[in-house]
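Listed below, chain by chain, are the residues.
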Amino acid sequence: ARVLNWLEEWLQTEWPDLAVYCTSVTEQYATISLCGPDARTVLSKTAPDMALDAATLPHMAMAEGIVAGVPARILRVSFTGEIGFEVSIAAGCALDVWNALIAAGAAHNITPYGTETMHVLRAEKGYPIIGQETDGTMTPNDLGMDWIVNMTKGDFIGRRSLTRADTERNG
């Protein structure tokens, strides 16, 4: 919704002469996250005609193909620090694809996980969400990102906060 609102605003304020219409189709799709050391193997069982190897589908790449008999978009991403894929399909086909992935992963002890687990794994990997982990209750040290701060560079926004006793703690 935020992206659609942003595009609509720009169409009205910056590009009013364009004959462009925006239609949200978000509700028309479902996305299944498949992560873990065997994610590529499990996905390959349900998408045998797709090239999912790291060279063909590197991190942050996208491919289209058939997963469990359903047209899909595959994003090679990871929010857990493990090999990961997001499988986006028509919402009405989501349960069938889900069941096919669960069946394909049975030999690998596949298990569903929730968004809280995903957020914990993501944070442990050091993939912060700006505005959540960076809301003043966490420091770069807390996120394992102390490398991003150079205290020898003089003054900068946030310097005072990083030198307070409660933020200089270890752990």
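In what follows, the accompanying structure is described. (Residues numbered from 1 in each chain as written. Predicted model: local features only at pLDDT ≥ 70, side-chain atom pairs only at ≥ 80, totals over all residues. Heavy atoms only, no water.)

Points about the packing of helix 2 (residues 39–46) against helix 3 (residues 94–105)
As a reminder of what qualifies: Helix axes are fitted to C-alpha atoms over the stretch in contact, other axes to C-alpha atoms as well, and angles between N-to-C directions run from 0 to 180 degrees. The helix and strand labels rest on DSSP assignments: H or I over at least four residues marks a helix, E over at least two residues marks a strand, and numbering proceeds from the N terminus. In this scheme, roughly parallel covers angles under 35 degrees and roughly antiparallel covers those over 145, while 65 to 115 is roughly perpendicular and the rest are oblique. For a crossing to be left-handed, the near helix must be turned anticlockwise from the far one by less than a right angle; the clockwise case is right-handed. We call two residues contacting when some pair of their heavy atoms lies within 4.5 Å. Polar here means any residue other than Ala, Val, Leu, Ile, Met, Phe, Trp, Tyr, Cys and Pro, which are nonpolar, and Asp, Glu, Lys and Arg, which are charged; Gly is therefore polar.
Taken N-terminus to C-terminus, the directions of helix 2 and helix 3 make an angle of 120 degrees; their axes are 9 Å apart at the nearest point. Taken together, the axes of helix 2 and helix 3 lie oblique to each other. For the element pair helix 2 and helix 3, the recorded crossing hand is right-handed. Where helix 2 approaches helix 3, its residues Val 42, Leu 43, Lys 45 and Thr 46 are matched on the opposing element by Ala 100, Leu 101, Ala 104 and Gly 105. Classifying every residue of the contact of helix 2 with helix 3 by side-chain character gives 5 nonpolar, 2 polar and 1 charged.

Some thoughts on the pairing of strand 1 (residues 29–35)
The condition that has to hold: Buried, partly exposed and exposed residues are distinguished by accessible area as a fraction of the type maximum, computed with a 1.4 Å probe on protein chains only: under 20%, between the cut-offs, and over 50%, respectively. For two strands to be treated as a pair, DSSP must find no fewer than two bridges joining them.
Of the two faces of strand 1, only one is covered, namely that formed by Ala 30, Ile 32 and Leu 34; the face formed by Tyr 29, Thr 31, Ser 33 and Cys 35 stays uncovered. Pairing of strand 1 with strand 4 (residues 84–90), which is carried by 7 bridges, proceeds in the antiparallel orientation. In the strand pairing of strand 4, Leu 34 is matched with Phe 85.

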